[in-house]
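# Inside the fold
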Amino acid sequence: MKTLQAYRFALDPNAAQGANLHRHAGAARFAYNWGLARVKAAFAQRDAEQSYGLGGDALTPVPWTLPALRLAWNAAKRDVAPWWDECSKEAFSAGLDQLARGLKNVTDSRRGKRKGQRVGFPRFKKRGKARDSFRYTTGAYGPADDHLVTLPRIGRVKVHEPMGALTGRLAQGRARLLGATVSRTAGRWFVSFTVEVDREMPGGPSRRQRRAGPVGVDLGVKHLAVLSTGEMVANPKHLAGSLRRLRKASRAYARSKSASAGRRQRVARLARIHARVAHQRHDGLHKLTTGLAKTHSVIVVEDLHVAGMVRNRRLARAIADTAMAQVRRQLLYKTRWYGSRLIVADRWYPSSKTCSDCGGRNPSLTLADRTFICPSCGLVVDRDLNAAVNLRHLVAGSALETENARGGDRETALARQVPTKREPGTARADQTGSAVLSRTAARQRLTHAP
Ligand SMILES: [Zn+2]
């Protein structure tokens, strides 16, 4: 089966190449802004025409799609950008493409075809504020060898780490390049290849996966994840240090005077640390999701309201929420690669307020409570572990099992009911997670028994 994958590498361009990369990103931004101005002008023109009583085909057309924008650009580029020949035409195309997508999002959002918050009209990109990026989709771009990338009109650029994983697949004919995006994050250039890869997809879980059974995953802040097996997956090694530096840098930034040289330095520093944190989390999350998808037959995660959560003020929470979205996206394809299944629990499923042992509820549990105490059976258990086990219980509900057996891209378990009640401590042998929890629970009940 063919799947899409991305391979991202940091670049080490020399000074001339660096300047050229900047020029190409500038060209993409220029085309984007030019197109946006053109669209806005066309709208103004139509308004005027309508006020004269014109309508229908007599009105000035708005170049709303990529082909229309390209046509307009090619007719105008000699006048508006006499330097256009200095850059690859792909750069301008990338800017126009980005604009066309932005415009389409606006239309889709207004017609209710797009989820989430209403999408605003595209805005002009300011130099230095907007992200520097451009894209190649045609031409002779790609890895020249394990350490060099060919970028048309820029040259052969050194890559920071070897690209063996990608070049190997390309050489064997098991992968096909579809595009390359060059972008700058926190002062560093990256190239990201979109690749179509041929993959053998297993029809179902292996014996090993079936033996390990389903697993519930609760993503956290203190730990990267807590599994229903009782395993706490630690955060990546240096993340705590980076987070500390991040908080310090944020404070320094907040205290600096606006538009000062000091502020510019602090912005750059803040961006560098942000990029490092993102990178460290990214690495940790990939290890986690690969491990889960390879080891277990079914993985149950919680749904989340991404649009609402991203605006969270607390840094740690915001990072955890982003992680949640990434984990889901990664599990979606990795479960297919490795023959396991993904279940996304309904976001109203009370995974944290329900007792994972007796099904009783503790509605008074607040976000600050790190420990779940069951008012019915006296279970005392780590809050995240309780949530993870509840998620895992979703698989035990047979209705869900059949619903998911039908397959589909995203399996959302609409489980508003609490898990089936069980006698405490009667975990079945096939339920690794429950068995572990029950032992933990029993131990804790000895020390915390009311
Ligand atoms: Zn209970």
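Parameters and conventions
- Residues numbered from 1 in each chain as written.
- Predicted model: local features only at pLDDT ≥ 70, side-chain atom pairs only at ≥ 80, totals over all residues.
- Heavy atoms only, no water.
- Helix = DSSP H or I, 4+ residues; strand = E, 2+ residues; numbered from the N terminus.
- Buried < 20%, exposed > 50% of the residue type's maximum accessible area, 1.4 Å probe, protein only.
- Contact = heavy atoms within 4.5 Å.
- Areas by Shrake-Rupley, 256 points an atom, 1.4 Å probe, with all protein chains shown as cover.
- Donors = N, O, S within 2.8 Å, 3.2 Å for Na, K, Ca; no water.
- Axes fitted to C-alpha atoms, helices over the stretch in contact; angles between N-to-C directions.
- Parallel < 35°, antiparallel > 145°, perpendicular 65-115°, else oblique.
- Left-handed = near helix turned anticlockwise from the far one by under 90°.
- Nonpolar A, V, L, I, M, F, W, Y, C, P; charged D, E, K, R; others polar.
- Salt bridge = Lys/Arg side-chain N within 4 Å of Asp/Glu carboxyl O.
- Bend = angle between axes of the 7 residues up to and from the residue.
- Polar contact = N/O pair within 3.5 Å; in protein donor to acceptor, adjacent residues only side chain to side chain.
- Patch = residues over 30% accessible without salt bridge, like charges linked within 9 Å, V, L, I, M, F, W, Y side chains within 5 Å.
- Lys, Arg positive; Asp, Glu negative; His and termini not counted.
- Charge placed at Lys NZ, Arg CZ, Asp CG, Glu CD.
- Core = buried A, V, L, I, M, F, W, Y, C linked by side-chain atoms within 4.5 Å.

## Some words on the overall build of the protein chain
- Helix and strand content of the protein chain: 12 helices and 15 strands.
- The 450 residues of the protein chain split such that 43% are buried.
- Intrachain contacts of the protein chain at a sequence separation of at least 6 include 68% that bridge at least 24 residues.
- Accessible surface, the protein chain: about 24,600 Å² in total, of which carbon and sulfur atoms supply 52%.

## A word on the coordination of the zinc ion
- At this site the zinc ion is bound by Cys355 (SG), Cys358 (SG), Cys374 (SG) and Cys377 (SG), with donor distances of 2.2 to 2.3 Å.
- Read from N- to C-terminus, the donor residues coordinating the zinc ion fall into the pattern C-x2-C-x15-C-x2-C.

## A few points about the packing of helix α1 (residues 15-51) against helix α3 (residues 89-110)
- Where α1 contacts α3, the two axes come as close as 7 Å, and the packing angle between them is 45°. Accordingly, the angle class assigned to the pair α1 and α3 is oblique. As for how α1 packs across α3, the hand of that crossing is right-handed. Along the contact surface, α1 presents His24, Ala27, Ala28, Ala31, Tyr32, Gly35, Leu36 and Val39, while α3 presents Ala91, Phe92, Gly95, Leu96, Gln98, Leu99 and Leu103.
- Looking at the contact of α1 with α3, its residues break down into 11 nonpolar, 4 polar and no charged.

## Describing the pattern of salt bridges
- Evaluation of the coordinates by the stated rule reveals 9 salt bridges.
- Of the charged contacts in the structure, one is a salt bridge between aspartate 198 and lysine 2, with a shortest N-O distance of 3.3 Å. With aspartate 198 in strand β7 (residues 188-198) and lysine 2 in strand β1 (residues 2-12), this pair connects stretches of sequence that are 196 residues apart.
- Its relative accessible area of 35% is what places aspartate 198 among the partly exposed residues.
- In this structure, the salt-bridge partner of arginine 176 is glutamate 196, at a minimum N-O distance of 3.4 Å. Here the residue arginine 176 occupies a position in strand β6 (residues 175-185), and glutamate 196 occupies one in strand β7, the gap between them amounting to 20 residues.
- Judged by its relative accessible area of 47%, arginine 176 falls in the partly exposed class.
- By sharing partners, the salt bridges in this structure join Arg29, Asp132 and Arg184 into a single network.

## So, helix α2 (residues 66-80)
- Taken as a whole, α2 carries its principal kink of about 40° at asparagine 74.
- Burial in α2 covers these residues: Leu66, Leu69, Ala72, Trp73, Ala76 and Lys77.
- Buried-residue contacts for α2 involve α1 and α3.

## Observations concerning the environment of lysine 104
- Within the secondary structure, lysine 104 is located in helix α3.
- Lysine 104 sits 38 residues away from leucine 66 along the chain, and the two C-alpha atoms are 9.9 Å apart.
- Separated by 2.7 Å, the side chains of lysine 104 and aspartate 108 make a polar contact.

## Some details on the side chain of serine 242
- Relative to the helices and strands, serine 242 is located in helix α6 (residues 239-255).
- Since its relative accessible area comes to 0%, serine 242 is described here as buried.
- Among the polar contacts made by the side chain of serine 242, one reaches the side chain of glutamine 280 at a distance of 3.0 Å.
- Setting aside residues up to four positions removed in sequence, serine 242 forms contacts with Ile273, Arg276, Val277 and Gln280.

## Digging into the packing of α6 against helix α7 (residues 261-295)
- The N-to-C vectors of α6 and α7 enclose an angle of 155°; their axes lie 9 Å apart at closest approach. Classified by the interaxial angle, the pair formed by α6 and α7 is roughly antiparallel. Note that α6 runs across α7; the crossing there is left-handed. Two secondary-structure elements touch here, α6 through Leu239, Ser242, Leu243, Arg245, Leu246, Ala249, Ser250, Ala252, Tyr253 and Ala254 and α7 through Arg263, Arg266, Val267, Arg269, Leu270, Ile273, His274, Arg276, Val277, Gln280 and Arg281.
- Of the residues assigned to the contact of α6 with α7, the class counts are 11 nonpolar, 4 polar and 6 charged.

## Here's the deal with a positive patch on the surface
- On the surface, Arg244, Arg245, Arg247, Lys248, Arg251, Arg255, Arg266, Arg269, Arg272 and Arg276 cluster together into a patch of positive charge.
- At the level of secondary structure, the elements contributing two or more residues to the positive patch comprise α6 and α7.
- In terms of residues, the positive patch owes the most to one element, α6, which gives 6 residues.
- With respect to the element layout, arginine 272 can be found in helix α7.

## Some remarks on the nonpolar core
- Within the largest apolar cluster, 46 residues are counted, with the highest numbers of intra-cluster contacts made by Phe9, Leu11, Phe134, Leu151, Val182, Val191 and Phe193.
- For this core, the element with the highest residue contribution is α1, accounting for 10 residues.
- Not counting the four nearest positions on each side in its chain, valine 182 is found in contact with Leu11, Leu21, Asp132, Ser133, Phe134, Tyr136, Leu151, Trp189, Phe190 and Val191.
- Val217, Leu224, Leu285 and Ile299 belong to the second largest nonpolar core, which has 19 residues in total.

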